[in-house]
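Examination of the molecular architecture
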Amino acid sequence: MSNSSVLKWFVSREGMYYLLLALLLVVILPLVLDPFRLNMVGKYLTYAFVAIGLVMCWGKAGILSLGQGVFFGLGGYCMAMFLKLEASTPEATAIQSTPGIPDFMDWNQLTELPWFWEPFHSFSFTLIAIIGVPVLLAFVIGFAMFTRRVGGVYFAIITQAIAAILTILIIGQQGYTGGVNGITDLQTLLGWNIRTDSAKEILYFVCVGLLFLSLFVARLVQNRKLGRILVAMNAQETRVRFSGYDVAAFKIFVFCLAAAFAGIGGALFTLIVGFMSPSFIGIVASIEMVIFCALGGRLSLLGAVYGALLVNAAKSGFSESFPELWPFAMGALFIGVVLAFPNGLAGLYQTYVMPLEDRLFKRKSTPVEPKPVAQKSVNENEEGSDCDPMLDQYSPEKS
């Protein structure tokens, strides 16, 4: 992309929305929030990675996964295993019956480190595993389901069942995974104390940087021919298949992409919060992640980020005063979003706020009769961006 194209994008409506998000996360929040609250925002942003993946998987390709917590948790556990091994040196665990292994293994009378823990002594291997393990599991699930044309509600139920199975497995294998308590007391990363206020601030900015990198990757995918195929599959899967495209392969790809985003978010969550437990893998956590995406707008990448921030902020504030009522509020929120504004906050913004912006800044907007997505040719490959800045939908006039 040329310098003029980059500059043109930054002064466009879409570029301004990204710049405003960057201004909020990089400048405003660090200035107005204390270290504790900023760390809370960093935790909320880790869920935004999952929401971005759901926009690509559910909003674009029509694949509703109710088990994204599985991939979030796997990425988090990979990072937690490395941090726990770093903290479990023979000197630090000299009081244990078996020095050199994590404390929960010693409590469960293990006498040596399990073989699958050994590679996590390496930080390089851990970074690869954070993405590789969730993607590998997503590939196995996707290949088994999509090649047999399992989709819709059946796929959603299967992913939900996988989340329940993995949660039970982790809790049951307490000696290897830490059980219901998870992997806790994570203090250092390569000798760097991650529990200090300065470290938490640095980790927050690392999280923001990786979030924008994920947004860039997702936007790159959706604005290419691949993105057109995903949208076409959502509308007319049979027609795309008869056009000669391998629908299963595209579904596997986008499902693996969403798993990679979730794995990165889980690893950052472990670093920011300092522990990982099976409660972030199960059915409840996975459904909450879908609500983040639905509230923000399942067709909007930026909406997914704001949805994750708003729902988690509301959860923290509401549960502090009425902890027993929050699950009911979450359920009512999801039902209300689906019934009242299915395109989420991004849809409301596009409908009511963007016309005001057009009048305020005297933008020219030509009303265009929308066409069904199925009428678009997946072979089109025009230059430039063809997505709506808020809903990230393909503009009909460029079809």
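Okay, so let's go over this structure. (Residues numbered from 1 in each chain as written. Predicted model: local features only at pLDDT ≥ 70, side-chain atom pairs only at ≥ 80, totals over all residues. Heavy atoms only, no water.)

Right, let's talk about the environment of threonine 93 for a bit. Within the secondary structure, threonine 93 sits in the loop between α4 (68–87) and α5 (103–107). Using a relative accessible area of 5% as the deciding quantity, one classes threonine 93 as buried. Expressed as a C-alpha distance, the spacing of threonine 93 and aspartate 103, which sit 10 residues apart in the sequence, is 7.6 Å. Setting aside its immediate chain neighbours within four residues, threonine 93 contacts Ser88, Pro99, Gly100 and Ile101. At 2.7 Å, the side chain of threonine 93 and the backbone nitrogen of glycine 100 are in polar contact. (Helix = DSSP H or I, 4+ residues; strand = E, 2+ residues; numbered from the N terminus. Buried < 20%, exposed > 50% of the residue type's maximum accessible area, 1.4 Å probe, protein only. Contact = heavy atoms within 4.5 Å. Polar contact = N/O pair within 3.5 Å; in protein donor to acceptor, adjacent residues only side chain to side chain.)

What follows is about the side chain of serine 88. Along the chain, serine 88 falls in the loop between α4 and α5. We classify serine 88 as buried; its relative accessible area is 5%. Looking at serine 88, its side chain comes within polar contact range of the main-chain oxygen of lysine 84, at 2.7 Å.

For the structure on display, the rule yields 20 aromatic pairs. Measuring from centroid to centroid gives 6.0 Å for phenylalanine 104 and tryptophan 117, while their planes differ by 55°, and the two rings are tilted. Taken together, the residues span a long stretch of sequence, with phenylalanine 104 in helix α5 and tryptophan 117 in the loop between α5 and α6 (123–146) at a distance of 13 residues. Like phenylalanine 104, the residue tryptophan 117 is buried in the burial classification. Connected via pairs of aromatic rings, a cluster forms that spans Tyr47, Phe72, Phe269, Phe275, Phe280 and Phe292. If you follow arginine 298 out to its NZ or CZ, it ends over the ring of tryptophan 58, 5.3 Å from the centre. (Phe/Tyr/Trp six-rings, centres within 6.5 Å; stacked < 30°, edge-to-face > 60°. Lys NZ or Arg CZ within 6 Å of the ring centre and 35° of its normal.)

A word on the pattern of salt bridges. In the structure shown here, the tally under the stated rule is 4 salt bridges. Its salt-bridge partner being glutamate 237, residue lysine 251 comes within 2.8 Å of it at the nearest N-O pair. Taken together, the residues lysine 251 in helix α12 (residues 247–273) and glutamate 237 in helix α11 (residues 237–242) connect sequence positions 14 residues apart. Among the ionic pairs, lysine 315 bridges to glutamate 288, the shortest N-O distance being 3.2 Å. Of this pair, lysine 315 sits in helix α14 (residues 301–321) while glutamate 288 sits in helix α13 (residues 283–296); the two residues are 27 residues apart in sequence, bridging distant segments of the chain. With a relative accessible area of 28%, lysine 315 lands in the partly exposed category. Of the residues examined, glutamate 288 reaches a relative accessible area of 15% and is grouped as buried. (Salt bridge = Lys/Arg side-chain N within 4 Å of Asp/Glu carboxyl O.)

With their axes 6 Å apart at the nearest point, α4 and α12 run at an angle of 45° to one another. Judged by the angle between their axes, α4 and α12 are oblique. Pair α4 / α12 crosses with right-handed handedness. Contacts between α4 and α12 involve Gln68, Phe71, Phe72, Gly75, Gly76, Met79, Ala80 and Leu83 from the first element and Phe255, Ala258, Ala259, Ala262, Gly263, Gly265, Gly266, Ala267, Phe269, Thr270 and Leu271 from the second. (Axes fitted to C-alpha atoms, helices over the stretch in contact; angles between N-to-C directions. Parallel < 35°, antiparallel > 145°, perpendicular 65-115°, else oblique. Left-handed = near helix turned anticlockwise from the far one by under 90°.)

Read these as layout, nothing more, since geometry by itself doesn't imply function.
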